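# Residue-level structure breakdown
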Amino acid sequence: MSAMTLAKRPTIILGLAAVVLALLTLVGLPTPLQTVAAVAVLILLPGRALAQLTPVTDLALGTLLVLALGLATLTAVSTAMFYLAVWSWQACVISMGVITILACIARARQEAAS
Amino acid sequence: MTSTLDTPSRMDLRWKPRDLWCALAGAGSLALVVWAASTVALPVTSDLGLVAALPFPFWAGVLILNAAFFVALRGDTEGPASRPVMIWLVAVLVLVLFGTAAFVTDVPRGEVAFRHLGIANALSGMQQIDPNIDAYFNWPGFFALLATVLGATGLDPVTLALWAPVLNVSLWLVAIAVLTGYLTRDPRRRWLVLWLFCLGNWQDQDYLSPQAFGFFLYLVVLAMVLGPLAAKPATFHGFRPAGLGQWWRERTPAEPRTGFRLAALVVTLLLIPVITASHQLTPFMLLVVITVLTLSGRVWPGRLPLIAGLVLVLWLLYPASTYLAGHPLLENAGLQIAAEANVVDRVNGTAGHLLVVQLRVGLTVLLWALAALGAVLEWRKRRLDLRIVLLAATPLLLFPAQAYGGEMLIRVSLFALPFVALLASSVLLPGDGSVRPSARAVGALVLTCFLLAVLTVTGRFGNAQYDVFTRSEIDAVAAAEQLAPPGSSVISAAHPTPWRSQSYLEHRYRTMDDLCREDLSPQTCGPIVYNYARHNPGGAHLIFMRSTEASVVLQGDNSPGEFTELEEWISMQNGVQLAFSNTDARVYRVAP
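Residues numbered from 1 in each chain as written. Chains lettered and ligands numbered in written order. Predicted model: local features only at pLDDT ≥ 70, side-chain atom pairs only at ≥ 80, totals over all residues. Heavy atoms only, no water.

### Considerations on the interface of chain B and chain A
Keep this limit in mind: Any pair of residues with heavy atoms lying within 4.5 Å of one another is described as a contacting pair. Salt bridges are defined as contacts in which a side-chain nitrogen from Lys or Arg sits within 4 Å of a carboxyl oxygen from Asp or Glu. Put simply, DSSP H or I for four residues or longer makes a helix, DSSP E for two residues or longer makes a strand, and each gets a number counted from the N terminus.
Between chain B and chain A, the contact holds 46 residues from the first and 35 residues from the second. Linking chain B with chain A are 0 salt bridges. Of all the elements in the fold, those that place two or more residues in the side of chain B that touches chain A are helix 5 (112–126), helix 6 (141–153), helix 7 (157–181), helix 9 (210–226) and helix 11 (258–278) of chain B. In terms of residue count, helix 6 of chain B provides more of the side of chain B that touches chain A than any other element does, 10 residues in total.

### Topic: the nonpolar core
The test is simple: In this text, buried Ala, Val, Leu, Ile, Met, Phe, Trp, Tyr and Cys residues form a nonpolar core when linked through side-chain atoms within 4.5 Å. Whether a residue is buried, partly exposed or exposed follows from its accessible area with a 1.4 Å probe, protein chains only, as a fraction of its type maximum: under 20%, in between, or over 50%, in that order.
Ranked by internal contacts, the top residues of the largest apolar core, which has 172 residues, are B:F69, B:F70, B:W195 and B:F216. A per-element tally of this core places helix 18 (residues 408–428) of chain B first, with 15 residues. Residues contacting B:F216, with those up to four places away along its chain left out, are A:L64, A:L67, A:A68, A:L71, B:L171, B:W172 and B:A175. In this structure, B:C516, B:A533, B:A540 and B:V553 belong to the second largest nonpolar core, which totals 23 residues.

### A word on the domain arrangement of chain B
Residues and elements named next belong to chain B. To keep it simple, the criterion reads: Marked domain ranges trace back to an automatic or database domain assignment. What qualifies as a polar contact is a pair of N or O atoms within 3.5 Å, subject to a donor-acceptor requirement within protein and to the restriction that residues adjacent in sequence count only when both atoms come from side chains.
According to the domain assignment, chain B contains domain 1 (17–105 + 156–208 + 328–465) and domain 2 (469–590). For domain 1 versus domain 2, the separation of C-alpha centres amounts to 36 Å. Contact with domain 1, which involves 10 residues of that partner, is made by 9 residues of domain 2. Across the contact surface, domain 1 and domain 2 share 0 salt bridges. At the surface where domain 1 touches domain 2, the tally comes to 2 residue pairs in polar contact (both at pLDDT 80 or more).

### Quick notes on the packing of aromatic side chains
Our working definition: When the centres of two rings from Phe, Tyr and Trp lie within 6.5 Å, Trp using its six-membered ring, the rings pair. Their planes under 30 degrees apart give stacked, over 60 give edge-to-face, and anything left gives tilted.
Counted by the stated rule, this structure contains 24 aromatic pairs over all chains. Consider the rings of A:Y83 and B:W315, whose centres lie 6.2 Å apart with planes at 80°: the pair is edge-to-face. Of this pair, A:Y83 sits in helix 4 (residues 59–83) while B:W315 is found in helix 13 (residues 304–317), placing the two residues in two different chains. Taken together, a centroid distance of 6.3 Å and an interplanar angle of 55° make the contact between B:W247 and B:W248 tilted. Take B:W247: its relative accessible area is 11%, and that puts it in the buried class. Note on B:W248: relative accessible area 30%, which makes it partly exposed.

Here you go:
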């Protein structure tokens, strides 16, 4: 069986949420919804996807890692795009969506192996 | 095994009546504070700042909140109140102390947050980084993040800046909650540290800024270093090289899971470059602190300081080389220079302003004294964790390294504050965690923390006469920036001026204070400003505002009448026309 079929449901939901919210953010939503969707797809979902690659079981540390990894990864991606003169917020949304999906695939492999 | 918050408070779903009353008291105090703050009339006119303008119900709310917190902290024999109640009360304190200004006005305080919005806006427009513009473009990480977040979310930048202190302090507290979990197992002390951190945080570095972001990531790295990357201390064999070598080799990792240690190391190695790319000072502070911690034998990856140092050097040599070419690192180094810039130059101004400065110093000294006493008490009980002392004291090493615009002492006190609060908490809660504080002790704690809250509000909002802007002043600055053609100068009387948020690169921004080297007398400053404006090919727009006049007068740079005389002198010169005016500001156009 493939890793994806053996992946746990939260990981699949996380990856799908990243795809859907990234598309919605790019298409555009009314202001409060756009803010929520963009914060989720840029910071919270990638932070969660990366944090779950670590074997953290502690709730407080897990929460901290979601925030720190989400913010730090977005900073790294945005800064690199500015230095490469390819920045646009849409490109950042796509990049963070891709990072989230890749992290979910890595997590699915971990789950399949365990 | 390393884990945090083993038993911070009960997680049972059944709330005791006392918990409910504490939560309700927190809600009531918040309502009282919000209502009281919203009645403050602007502009603030007292030299003492906002503290003199806040009505009695505000302080009643603060007192009730402290009482609710300490009743909840006292809890019962099982420990403090349930975790949701404790989190709620800390959240209310954050809103009360760091959201006060947002309840008073819808305009962010100070000049710098406006400037930072302008840099993010300029980056969005350029879509690339030009390090020749200024220092900010040599450390652009935070601004790249801000530009992306503002572009994608559609958030109003001014609203984000207004609430940034609440957001930043909330992030800091999450990190402090985690790292104190590695330093004490006493749940009451952990909650008290969060409370004391808020009450001692008068430094006002939590606005929309790279340093606030950098401080959050700094705390996260410390959480990694104190938690999954920590080492158990080995037996010390003396200072001889062989003994030191043996001591170093005998260290063992505190976290037994190799995978967790590796993951924590990867997280740390991601955060270090992001911190380095985002702020000038924070990576130095981080390098010094993790070096000292590593040398104490309490960090497992012994090469971590080398990696942090290498990242820092590479950043200075390449992305930040443009700025450093004209600004050597140790340009303003030395204890005497640092003392003059950080202490002597700041103790100036009117009697009210001097009192505010003295109270800021007093609050810091009080907390440090409590921390020193706490360290002695812990040492005598043979339970002093050396790491806490190192984390509190090490930031002081950077004090003589750079004057940092007279702000180094403020930054040092902020970086030390979480650990100063942790040491101080052992004086305020001398038991070992299983001991429930007496009702009398709770009463004393309520009064002590209420006093600290008064001092913090006084220190934090002590410049409100000039850093809380009125809507008229914002309108005047916006008018000046709109009227000024691209390439022309916009000249304000002094800092702070809420400008550059929309047109960071379009104009040349100067202050009369800087042009005239702080002598604003009409005889000296008038001709300098007038000639500067006339010789600019695009002309200039001059802004005179209530807040800038208050700034120079309050800080002792000028007497009250001189500012008006300067304005009158300039307004009578050839080619000078009044272009905009309202109750708090005038804008003059100077033809080239």
